[in-house]
Amino acid sequence: MSFLLRSARYLAQDALRQALEPGAHVVDATMGNGHDTCFLAELVGENGQVIAFDLQADAVERTRQLLERQGLLGRCTLHCLGHEHMGQVVQEPLDAVMFNLGWLPGGNKAITTRWETTRQAVDTALYLLRPGGLLTLCAYPGHPAGDEERERLTLYFAALRPQEFNVLHQRFLNAGPGAPECFLVQKQG
Ligand SMILES: C[S@@+](CC[C@H](N)C(=O)[O-])C[C@H]1O[C@@H](n2cnc3c(N)ncnc32)[C@H](O)[C@@H]1O
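Residues numbered from 1 in each chain as written. Predicted model: local features only at pLDDT ≥ 70, side-chain atom pairs only at ≥ 80, totals over all residues.

1. Considering the overall build of the protein
Next up, step 1: A count of helical and extended segments in the protein gives six helices and seven strands.
Next up, step 2: Its helices and strands taken in sequence order, the protein reads α-β-α-β-α-β-α-β-α-β-α-β-β from the N to the C terminus.
Next up, step 3: Its C-alpha radius of gyration of 15 Å places the protein within 12% of the 16 Å reference for a compact globule of 189 residues.
Next up, step 4: Dimensions of the protein, computed from the C-alpha atoms along their principal axes, are close to 45 × 40 × 40 Å.
Next up, step 5: Buried residues in the protein amount to 41% of all 189 residues. (Helix = DSSP H or I, 4+ residues; strand = E, 2+ residues; numbered from the N terminus. Rg over C-alpha atoms; globule rule 2.2 N^0.38 Å. Buried ≥ 20, exposed ≤ 12 C-beta atoms within 10 Å, placed from the backbone.)

See the structure below:
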């Protein structure tokens, strides 16, 4: 069987695989080690564009090296900048915005995404999405900043007007309290 119900991140990627077409313009709001940036760069193809953010220079460099090795750097623009400033560098309508919250795997766990800046970035991302565009967000509860993000985001997304957005919240009910959760938000077409 090729379908595997395996992780929040997989659910987000699966939705993006279905939603995106070659030539798409997308944002990776949390570059980290660059795996999602690479994933998006492959999906958008050579005529697409990926704009990616991370506030850690280490993350940007790891991502740049990975993209270069994969031959995908040319379709990506990397910003060493907090995603809360996304609106300063992105003006065009977006087909998708991907968030994978938390800290840099293998990095400093004190540098993690936080509700206040995540909220600003999600606000901007929802504004920038074109009709039909998709926001995916993986949240990682199980530590104080992650618990706060998950709780506040659940309230925030639940309050979006259904005339403007459809919101889906997926979580693994039997995986324990710290299990990652996936939110999918589509702007009405
Ligand atoms: C879980 S990692 C992302 C994993 C990544 N998508 C990948 O494929 O490897 C979360 C990243 O968010 C970054 N981050 C934290 N706060 C941020 C902010 N305000 N703006 C942009 N990135 C931020 C961290 O530096 C970290 O690299």
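2. Notes on the site of the ligand
Next up, step 1: Taken together, 23 residues form the shell around the ligand, and within it T30, G32, N33, H35 and L104 come nearest.
Next up, step 2: Contributions of two or more residues to the shell around the ligand are made by α2 (35-44) and β2 (49-54). (Near = placed C-beta within 6 Å.)

3. A closer look at helix α3 (residues 57-70)
Next up, step 1: Compared with the 20 Å implied by 1.5 Å per residue over 14 residues, the 20 Å span of α3 between its first and last C-alpha is a close match.
Next up, step 2: As for α3, its buried residues are in contact with α2, β2 and β3 (76-80).
Next up, step 3: Phi for G71, located one or two positions after α3, is positive at around 70 degrees. (Expected span 1.5 Å × (residues − 1). Contact = placed C-beta atoms within 7 Å.)

4. A look at the sheet that holds strand β1 (residues 25-28)
Adjacent strands of a sheet pair through backbone hydrogen bonds, lying either parallel or antiparallel.
Next up, step 1: Ordered in space as β3-β2-β1-β4-β5-β7-β6, the seven strands form an open sheet in which the pairing is mixed. Looking at the sheet topology across the chains shown, the edges are occupied by β3 and β6 (165-171). Strand-to-strand twist across the sheet, computed as the mean angle between neighbouring axes with direction ignored, equals 15 degrees.
Next up, step 2: Relative to β3, β2 runs parallel, the two being bridged by five bridges. Within β3, the residue paired with D54 across the bridge is C80.
Next up, step 3: Its contacts with the sheet place α3 against β2 and β3, and it is angled at close to 165 degrees to β3.
Next up, step 4: Here helix α6 (residues 144-158) sits on the sheet and contacts β5 (129-139), β6 and β7 (181-187); the angle it forms with β5, its principal contact strand, is near 150 degrees. (Pairing = 2+ DSSP bridges. Axes fitted to C-alpha atoms, helices over the stretch in contact; angles between N-to-C directions.)

5. Focus: the packing of helix α5 (residues 115-128) against α6
Next up, step 1: In contact at an axis separation of 10 Å, α5 and α6 are set at 35 degrees when each is read in the N-to-C sense. By crossing handedness, the relation of α5 to α6 is classed as right-handed. Contact residues: α5 offers W115, T118 and R119, while α6 offers E148, E149, R152 and Y156.
Next up, step 2: Of the residues that constitute the contact of α5 with α6, the class distribution is two nonpolar, one polar and four charged. (Left-handed = near helix turned anticlockwise from the far one by under 90°. Nonpolar A, V, L, I, M, F, W, Y, C, P; charged D, E, K, R; others polar.)

6. Quick look at the packing of α2 against α3
Next up, step 1: Orientation of α2 relative to α3, taken along the N-to-C sense of each, is 35 degrees, at an axis distance of 9 Å. Viewed along their axes, α2 and α3 form a crossing whose handedness is right-handed. Residues T37, C38 and A41 of α2 touch α3, and the partners they reach there are T63, L66, L67 and Q70.
Next up, step 2: Taken together, the residues of the contact of α2 with α3 break down into four nonpolar, three polar and no charged.

7. Brief notes about the nonpolar core
Next up, step 1: If you look at the biggest cluster of nonpolar residues, it comprises 49 residues, and the most contacted ones within it are V26, A29, A96, V97, A125 and C138.
Next up, step 2: Considering each element in turn, this core owes the most residues, six residues, to β5.
Next up, step 3: Ignoring any residue separated from it by four or fewer positions in sequence, one finds V26 in contact with L20, L40, V44, V50, L94, D95, A96 and V97. (Core = buried A, V, L, I, M, F, W, Y, C linked by C-beta atoms within 7 Å.)

8. Observations concerning the environment of H25
Next up, step 1: For H25, the position within the fold is in strand β1.
Next up, step 2: Classification of H25 by C-beta neighbours within 10 Å gives partly exposed; the count is 19.
Next up, step 3: Taking the C-alpha atoms as reference points, H25 and G189, 164 residues apart in sequence, are found 17 Å from one another.
Next up, step 4: Excluding its chain neighbours within four sequence positions, the residues that come into contact with H25 are G48, Q49, E92, L94 and D95.

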